[in-house]
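# Working through the structure, step by step
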Amino acid sequence: MKLSDKTTAHILVKANTNSEWDNCEFAIINLSEEWKQEQAKRLALVKPLEGNSYFCSMNYYDTAVDFYRTGEHDNPNIEELLNGKEWVFVELTEQEQETFTVPENRLDCYRLVLRANGTGYYTAYGKHTSEEFWTEEFLLTQLIA
């Protein structure tokens, strides 16, 4: 996995879980052209609600995210890759992504939570435990530009 200064098809995002026995340190979000077009439509729906103090967020079922935990010897070194940021563009292959360690929970109910200010984050839940997994917030307008 290599960091990139320009837009790529994937971002690495800091992630976490409320599980007492499972771990999750990062997620990879796949930014396909279809995903970007869909997010633009969704943002257009929530934009008129910006400034409405009673509006919280809008949720969409969306599976463009994969949650991971660091493997043996903290590989990959997420803190070093993120370097104090919440997310970064990365270049990686499908084969490389398959080598990452997944959480022990079998995740289900993937959702993208959108706010009217253009930020969003992903959540997922353990299928049999209901433990929550989530990414840090990211600015969708920056990703779809």
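All figures in this text were calculated on a predicted structure; none of them were measured in a lab. (Residues numbered from 1 in each chain as written. Predicted model: local features only at pLDDT ≥ 70, side-chain atom pairs only at ≥ 80, totals over all residues. Heavy atoms only, no water.)

### Quick notes on the side chain of threonine 17
Heads up, the condition is: By the criteria applied, helices consist of DSSP H or I runs no shorter than four residues and strands consist of E runs no shorter than two, each listed in order from the N terminus. The cut-offs for exposure are 20% and 50% of the maximum accessible area for each residue type, with area from a 1.4 Å probe on protein chains only; residues under the lower value are buried, those over the upper are exposed, and the others partly exposed. Here a polar contact means two N or O atoms within 3.5 Å. Within protein one must be a hydrogen donor candidate and the other an acceptor candidate, and residues neighboring in sequence count only if both atoms are side-chain atoms. In what follows, a contact means two residues having at least one pair of non-hydrogen atoms within 4.5 Å.
Tracing the backbone through its elements, the reader meets threonine 17 in strand S2 (residues 10-17). Among the residues examined, threonine 17 registers a relative accessible area of 11% and is labelled buried. Within the structure, the side chain of threonine 17 is placed 3.1 Å from the backbone nitrogen of serine 19, a separation counted as a polar contact. Looking at threonine 17, its side chain comes within polar contact range of the main-chain oxygen of glutamate 132, at 2.9 Å. Those residues in contact with threonine 17, other than ones at most four positions away along the chain, are Asp22, Asn23, Cys24, Glu132, Phe133 and Trp134.

### A few points about the nonpolar core
As a reminder, the rule being used: For this analysis, a nonpolar core means a set of buried residues of the types Ala, Val, Leu, Ile, Met, Phe, Trp, Tyr and Cys, connected via side-chain atoms within 4.5 Å.
With 26 residues, the main nonpolar core has Ile11, Ile29, Trp35, Phe67, Tyr122, Phe138 and Leu143 as its most contacted residues. Of all the secondary-structure elements, those providing two or more residues to this core are S2, strand S3 (26-30), helix H1 (33-46), strand S5 (65-68), strand S6 (87-91), strand S7 (107-114), strand S8 (119-126) and helix H4 (140-144). The residues touching isoleucine 29, leaving out its near neighbours within four places in the chain, are Ala9, His10, Ile11, Val13, Trp35, Ala64, Val65, Tyr122 and Phe138. Residues Leu12, Tyr68, Ile78 and Val88 belong to the second largest nonpolar core, which totals 11 residues.

### As for the pattern of salt bridges
Where we set the bar: Within this document, salt bridges are pairs made up of a side-chain nitrogen of Lys or Arg and a carboxyl oxygen of Asp or Glu, the two lying within 4 Å of each other.
Throughout the structure, instances matching the rule amount to 5 salt bridges. With a closest N to O distance of 3.5 Å, arginine 42 and glutamate 38 form a salt bridge. Placement of the pair is arginine 42 and glutamate 38 together in helix H1, with a separation of 4 residues, close to one helical turn. Here arginine 42 falls in the buried class, since its relative accessible area comes to 8%. Take glutamate 38: its relative accessible area is 32%, and that puts it in the partly exposed class. Between arginine 115 and glutamate 137 there is a salt bridge, with the nearest N and O atoms lying 2.0 Å from each other.

### As for the pairing of S7
Short version of the rule: Here, strands pair whenever DSSP counts at least two bridges between them.
Sheet topology note: the strand S4 (residues 58-61)/S7 ladder contains 4 bridges and is antiparallel. Residue tyrosine 60 lies in a different strand from S7, and its bridge partner there is leucine 112. Pairing of S7 with S8, which is carried by 6 bridges, proceeds in the antiparallel orientation. Bridge assignment links valine 113 to a residue of S8, and that residue is tyrosine 121. Where S7 folds back onto S8 in an antiparallel hairpin, the turn is made up of 4 residues, including glycine 118, whose phi is positive at roughly 90°.

### Details of the environment of lysine 47
Note on placement: lysine 47 falls in the loop between H1 and S4. By relative accessible area, which is 46% here, lysine 47 ends up partly exposed. Put simply, lysine 47 and asparagine 105 are 58 residues apart on the chain and 35 Å apart in space, counted from C-alpha to C-alpha. Of note is the side chain of lysine 47, whose polar atom sits 2.6 Å from the side chain of glutamate 50.

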